[in-house]
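# Examining the three-dimensional arrangement
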Amino acid sequence: MNSIAIYPGSFDPPTNGHLDLIIRSRKLFKKVVVAVLRNTSKNSLLSIDERVKLLRECTKDLPGVEVDAFDGLLVDYARVRKSSHIIRGIRALTDFEYEFQIALLNRRLAPDIETIFLMPREEHVFLSSRHVREVALLGGPLEEFVPPPVAVYLAGKVRELNRSYKPES
Ligand code: PNS
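Residues numbered from 1 in each chain as written. Predicted model: local features only at pLDDT ≥ 70, side-chain atom pairs only at ≥ 80, totals over all residues. Heavy atoms only, no water.

Let's shift gears to the packing of helix 5 (residues 129-137) against helix 6 (residues 148-164). Between helix 5 and helix 6, the shortest axis-to-axis distance is 9 Å and the interhelical angle comes to 55 degrees. With respect to helix 6, the element helix 5 is oriented oblique. Of the two elements, helix 5 crosses helix 6, and the hand of that crossing is right-handed. Contacts between helix 5 and helix 6 involve Val132, Ala136 and Leu137 from the former and Leu154, Val158 and Leu161 from the latter. When grouped by side-chain class, the residues that make up the contact of helix 5 with helix 6 number six nonpolar, no polar and no charged. (Axes fitted to C-alpha atoms, helices over the stretch in contact; angles between N-to-C directions. Helix = DSSP H or I, 4+ residues; strand = E, 2+ residues; numbered from the N terminus. Parallel < 35°, antiparallel > 145°, perpendicular 65-115°, else oblique. Left-handed = near helix turned anticlockwise from the far one by under 90°. Contact = heavy atoms within 4.5 Å. Nonpolar A, V, L, I, M, F, W, Y, C, P; charged D, E, K, R; others polar.)

Here's what the structure looks like:
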(Lines give C-alpha, C1' and ligand atoms only; values in the text may rest on other atoms or scores of the structure.)
Protein backbone atom coordinates (compact mmCIF):
# COMPACT_ATOMS: atom_id res chain seq x y z
CA MET A 1 0.00 0.00 0.00
CA ASN A 2 0.93 3.64 -0.43
CA SER A 3 4.02 3.05 -2.46
CA ILE A 4 3.61 4.82 -5.82
CA ALA A 5 1.64 7.98 -6.57
CA ILE A 6 1.11 9.81 -9.84
CA TYR A 7 1.21 13.60 -9.82
CA PRO A 8 -0.25 14.56 -13.21
CA GLY A 9 -0.54 17.95 -14.85
CA SER A 10 0.30 20.23 -17.73
CA PHE A 11 3.27 21.90 -15.99
CA ASP A 12 3.52 24.68 -18.58
CA PRO A 13 5.73 25.82 -16.92
CA PRO A 14 6.53 23.98 -13.67
CA THR A 15 6.16 26.41 -10.74
CA ASN A 16 7.31 26.59 -7.11
CA GLY A 17 3.80 25.39 -6.21
CA HIS A 18 4.31 22.21 -8.26
CA LEU A 19 7.70 21.60 -6.67
CA ASP A 20 6.20 22.09 -3.21
CA LEU A 21 3.55 19.45 -3.96
CA ILE A 22 6.15 17.01 -5.31
CA ILE A 23 8.12 17.33 -2.05
CA ARG A 24 4.95 16.91 0.04
CA SER A 25 3.86 13.85 -1.99
CA ARG A 26 7.25 12.25 -1.59
CA LYS A 27 6.75 12.35 2.20
CA LEU A 28 3.63 10.23 1.78
CA PHE A 29 4.75 7.83 -0.96
CA LYS A 30 7.94 5.89 -1.63
CA LYS A 31 7.84 6.90 -5.26
CA VAL A 32 6.19 9.84 -7.01
CA VAL A 33 5.80 9.84 -10.79
CA VAL A 34 5.37 13.39 -12.07
CA ALA A 35 3.37 12.85 -15.26
CA VAL A 36 3.18 15.54 -17.94
CA LEU A 37 0.07 15.36 -20.13
CA ARG A 38 1.09 15.11 -23.79
CA ASN A 39 -1.99 16.85 -25.20
CA THR A 40 -0.62 20.30 -25.90
CA SER A 41 -3.04 23.17 -26.19
CA LYS A 42 -2.55 25.93 -28.76
CA ASN A 43 -1.66 28.40 -26.02
CA SER A 44 1.19 26.37 -24.60
CA LEU A 45 4.56 28.02 -24.11
CA LEU A 46 6.80 25.00 -23.58
CA SER A 47 6.90 21.74 -25.53
CA ILE A 48 6.38 18.47 -23.66
CA ASP A 49 10.09 17.67 -23.97
CA GLU A 50 11.00 21.06 -22.48
CA ARG A 51 8.62 20.53 -19.54
CA VAL A 52 9.93 17.02 -18.87
CA LYS A 53 13.52 18.23 -19.06
CA LEU A 54 12.90 21.14 -16.70
CA LEU A 55 10.99 18.99 -14.21
CA ARG A 56 13.85 16.46 -14.26
CA GLU A 57 16.33 19.25 -13.63
CA CYS A 58 14.26 20.64 -10.74
CA THR A 59 13.81 17.23 -9.09
CA LYS A 60 17.25 15.74 -9.73
CA ASP A 61 18.17 15.92 -6.04
CA LEU A 62 14.89 14.42 -4.84
CA PRO A 63 15.19 10.64 -4.46
CA GLY A 64 12.10 8.64 -5.42
CA VAL A 65 10.84 11.18 -7.95
CA GLU A 66 10.50 10.22 -11.61
CA VAL A 67 9.32 12.47 -14.44
CA ASP A 68 7.48 11.01 -17.42
CA ALA A 69 4.98 12.07 -20.09
CA PHE A 70 1.67 10.36 -20.78
CA ASP A 71 -1.29 10.46 -23.09
CA GLY A 72 -4.70 8.82 -22.98
CA LEU A 73 -6.66 8.37 -19.79
CA LEU A 74 -4.89 9.23 -16.57
CA VAL A 75 -6.34 6.19 -14.77
CA ASP A 76 -5.00 3.88 -17.52
CA TYR A 77 -1.57 5.44 -17.11
CA ALA A 78 -1.83 5.05 -13.32
CA ARG A 79 -2.59 1.34 -13.80
CA VAL A 80 0.37 0.89 -16.15
CA ARG A 81 2.58 2.53 -13.51
CA LYS A 82 1.02 0.33 -10.79
CA SER A 83 -0.05 3.42 -8.90
CA SER A 84 -3.03 3.36 -6.58
CA HIS A 85 -3.06 7.12 -5.92
CA ILE A 86 -3.36 10.34 -7.90
CA ILE A 87 -2.13 13.57 -6.33
CA ARG A 88 -3.72 16.90 -7.18
CA GLY A 89 -3.12 20.30 -5.65
CA ILE A 90 -5.93 22.46 -4.30
CA ARG A 91 -5.07 26.11 -3.98
CA ALA A 92 -8.38 27.75 -3.25
CA LEU A 93 -12.12 27.21 -3.44
CA THR A 94 -11.98 28.11 -7.13
CA ASP A 95 -9.99 24.91 -7.81
CA PHE A 96 -12.34 22.76 -5.84
CA GLU A 97 -15.28 22.25 -8.19
CA TYR A 98 -13.08 21.38 -11.18
CA GLU A 99 -10.88 19.06 -9.14
CA PHE A 100 -13.88 17.44 -7.45
CA GLN A 101 -15.41 16.64 -10.86
CA ILE A 102 -12.20 15.13 -12.22
CA ALA A 103 -11.64 13.10 -9.05
CA LEU A 104 -15.17 11.68 -9.11
CA LEU A 105 -14.94 10.94 -12.83
CA ASN A 106 -11.65 9.14 -12.31
CA ARG A 107 -13.21 7.21 -9.43
CA ARG A 108 -16.04 6.07 -11.71
CA LEU A 109 -13.49 4.97 -14.30
CA ALA A 110 -11.22 3.30 -11.76
CA PRO A 111 -12.76 2.75 -8.28
CA ASP A 112 -9.51 1.22 -7.02
CA ILE A 113 -7.52 4.42 -7.62
CA GLU A 114 -7.80 7.13 -4.98
CA THR A 115 -7.28 10.87 -5.56
CA ILE A 116 -5.55 12.78 -2.79
CA PHE A 117 -5.70 16.58 -2.60
CA LEU A 118 -2.75 18.41 -1.11
CA MET A 119 -2.46 22.09 -0.25
CA PRO A 120 0.66 24.00 -1.22
CA ARG A 121 2.44 26.44 1.10
CA GLU A 122 0.40 29.61 1.63
CA GLU A 123 2.80 31.72 -0.44
CA HIS A 124 2.12 29.52 -3.47
CA VAL A 125 -1.66 29.67 -3.21
CA PHE A 126 -1.95 32.47 -5.78
CA LEU A 127 0.46 30.83 -8.23
CA SER A 128 -0.70 29.37 -11.54
CA SER A 129 1.19 28.34 -14.67
CA ARG A 130 -1.15 30.51 -16.73
CA HIS A 131 -0.19 33.67 -14.84
CA VAL A 132 3.49 32.74 -14.79
CA ARG A 133 3.33 32.37 -18.61
CA GLU A 134 1.88 35.85 -18.83
CA VAL A 135 4.53 37.38 -16.55
CA ALA A 136 7.23 35.59 -18.57
CA LEU A 137 5.91 36.77 -21.92
CA LEU A 138 5.70 40.35 -20.64
CA GLY A 139 9.28 40.24 -19.41
CA GLY A 140 8.50 40.30 -15.66
CA PRO A 141 10.68 38.78 -12.91
CA LEU A 142 10.13 35.05 -12.45
CA GLU A 143 12.50 34.09 -9.63
CA GLU A 144 9.80 34.27 -6.96
CA PHE A 145 7.40 32.02 -8.84
CA VAL A 146 9.40 29.24 -10.47
CA PRO A 147 12.48 27.16 -9.57
CA PRO A 148 15.81 28.70 -10.75
CA PRO A 149 16.34 26.42 -13.82
CA VAL A 150 12.82 27.27 -15.03
CA ALA A 151 13.35 31.03 -14.53
CA VAL A 152 16.57 30.95 -16.55
CA TYR A 153 15.05 28.80 -19.30
CA LEU A 154 11.89 30.88 -19.61
CA ALA A 155 13.81 34.15 -19.83
CA GLY A 156 15.89 32.67 -22.70
CA LYS A 157 12.82 31.26 -24.40
CA VAL A 158 11.00 34.61 -24.28
CA ARG A 159 14.07 36.41 -25.66
CA GLU A 160 14.14 33.89 -28.51
CA LEU A 161 10.40 34.35 -29.18
CA ASN A 162 10.79 38.14 -29.23
CA ARG A 163 13.70 37.91 -31.67
CA SER A 164 11.73 35.77 -34.10
CA TYR A 165 8.54 37.85 -33.76
CA LYS A 166 7.86 39.89 -36.87
CA PRO A 167 4.92 42.27 -36.49
CA GLU A 168 2.59 42.41 -39.51
CA SER A 169 2.98 45.61 -41.47
O1 PNS B 1 -2.39 20.77 -14.85
P2 PNS B 1 -3.76 20.48 -15.38
O3 PNS B 1 -3.89 20.97 -16.81
O4 PNS B 1 -4.86 20.99 -14.49
O5 PNS B 1 -3.89 18.85 -15.42
C6 PNS B 1 -5.06 18.24 -15.92
C7 PNS B 1 -4.90 16.70 -16.02
C8 PNS B 1 -3.62 16.34 -16.77
C9 PNS B 1 -4.84 16.11 -14.64
C10 PNS B 1 -6.17 16.16 -16.76
O11 PNS B 1 -6.40 16.90 -17.92
C12 PNS B 1 -6.03 14.68 -17.14
O13 PNS B 1 -5.94 13.82 -16.31
N14 PNS B 1 -6.01 14.42 -18.46
C15 PNS B 1 -5.84 13.08 -19.02
C16 PNS B 1 -7.09 12.59 -19.71
C17 PNS B 1 -8.08 12.03 -18.72
O18 PNS B 1 -7.82 11.09 -18.01
N19 PNS B 1 -9.29 12.64 -18.66
C20 PNS B 1 -10.34 12.23 -17.74
C21 PNS B 1 -10.25 13.00 -16.43
S22 PNS B 1 -10.39 14.75 -16.71
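On to the site of the ligand. With respect to spatial proximity, the complete set of residues near the ligand consists of Gly9, Ser10, Leu37, Phe70, Gly72, Leu73, Leu74, Arg88, Tyr98, Ile102, Leu105 and Asn106. Here leucine 74 contributes a backbone N or O atom positioned 2.8 Å from an oxygen atom of the ligand. In the environment of the ligand, an oxygen atom lies 2.9 Å from a nitrogen or oxygen atom belonging to the side chain of arginine 88. Relative to its unbound accessible area of 530 Å², the ligand is 73% covered by the protein chains. With respect to the detected pockets, the ligand is housed in the largest pocket. (Near = heavy atom within 4 Å. Polar contact = N/O pair within 3.5 Å; in protein donor to acceptor, adjacent residues only side chain to side chain. Areas by Shrake-Rupley, 256 points an atom, 1.4 Å probe, with all protein chains shown as cover. 1 Å grid on protein atoms, 1.4 Å probe; cavity = no way out; pocket = protein on both sides within 12 Å on 5 of 7 lines; lining within 4 Å. Sits in = over half its atoms within 2 Å of the grid points.)

Our focus in this paragraph is helix 5. Of the residues making up helix 5, those classed as buried are Ser129, Val132, Arg133 and Ala136. Projected down its long axis, helix 5 shows its buried positions confined to an angular sector of 105 degrees, all on one face. Packing partners of the buried residues in helix 5 comprise helix 1 (16-28) and helix 6. Just beyond helix 5, the residue with positive phi is glycine 139, at close to 80 degrees. (Buried < 20%, exposed > 50% of the residue type's maximum accessible area, 1.4 Å probe, protein only. Arc of directions from axis to C-beta.)

Here we come to the packing of helix 2 (residues 48-58) against helix 6. For the pair helix 2 and helix 6, the least separation of the axes is 9 Å and the interaxial angle reads 150 degrees. Here helix 6 runs roughly antiparallel to helix 2, going by the angle between their axes. Judged by residue contacts, Glu50, Leu54, Glu57 and Cys58 of helix 2 engage Pro149, Val150, Tyr153 and Lys157 from helix 6. Tallied by class, the residues present in the contact of helix 2 with helix 6 amount to five nonpolar, no polar and three charged.

Read across the open sheet, the five strands follow the order 3-2-1-4-5; overall the sheet is parallel. Unpaired on one side and paired on the other, strand 3 (65-70) and strand 5 (114-118) mark the two borders of the sheet. For this sheet, the mean angle separating the axes of adjacent strands, direction not counted, is 30 degrees. As paired strands, strand 4 (residues 85-89) and strand 5 are joined by five bridges and run parallel to one another. Across the sheet, isoleucine 87 pairs through a bridge with isoleucine 116, a residue of strand 5. (Pairing = 2+ DSSP bridges.)

Within the secondary structure, phenylalanine 29 is located in the loop between helix 1 and strand 2 (31-37). When its relative accessible area of 3% is taken as the criterion, phenylalanine 29 is described as buried. Counting along the chain gives 90 residues from phenylalanine 29 to methionine 119, while the straight-line C-alpha distance between them is 16 Å.

To continue, consider the nonpolar core. Counting 17 residues, the largest nonpolar core has Tyr7, Val34 and Leu55 as its most contacted members. For this core, the secondary structure elements donating two or more residues are strand 1 (4-9), helix 1, strand 2, helix 2 and strand 3. Setting aside residues no more than four positions away along its own chain, leucine 55 makes contact with Phe11, Pro14, Ile22, Val34, Val36 and Val67. Counting residues in each nonpolar core, the second largest holds 14 residues, with Leu54, Val132, Leu142 and Val150 among its members. (Core = buried A, V, L, I, M, F, W, Y, C linked by side-chain atoms within 4.5 Å.)

Between aspartate 12 and the following residue, proline 13, the backbone shows a cis peptide bond with an omega angle of 5 degrees. With a phi close to 50 degrees, phenylalanine 11 is a non-glycine residue in the positive phi region. Examined against the element boundaries, phenylalanine 11 turns out to sit in the loop between strand 1 and helix 1. We classify phenylalanine 11 as buried; its relative accessible area is 2%.

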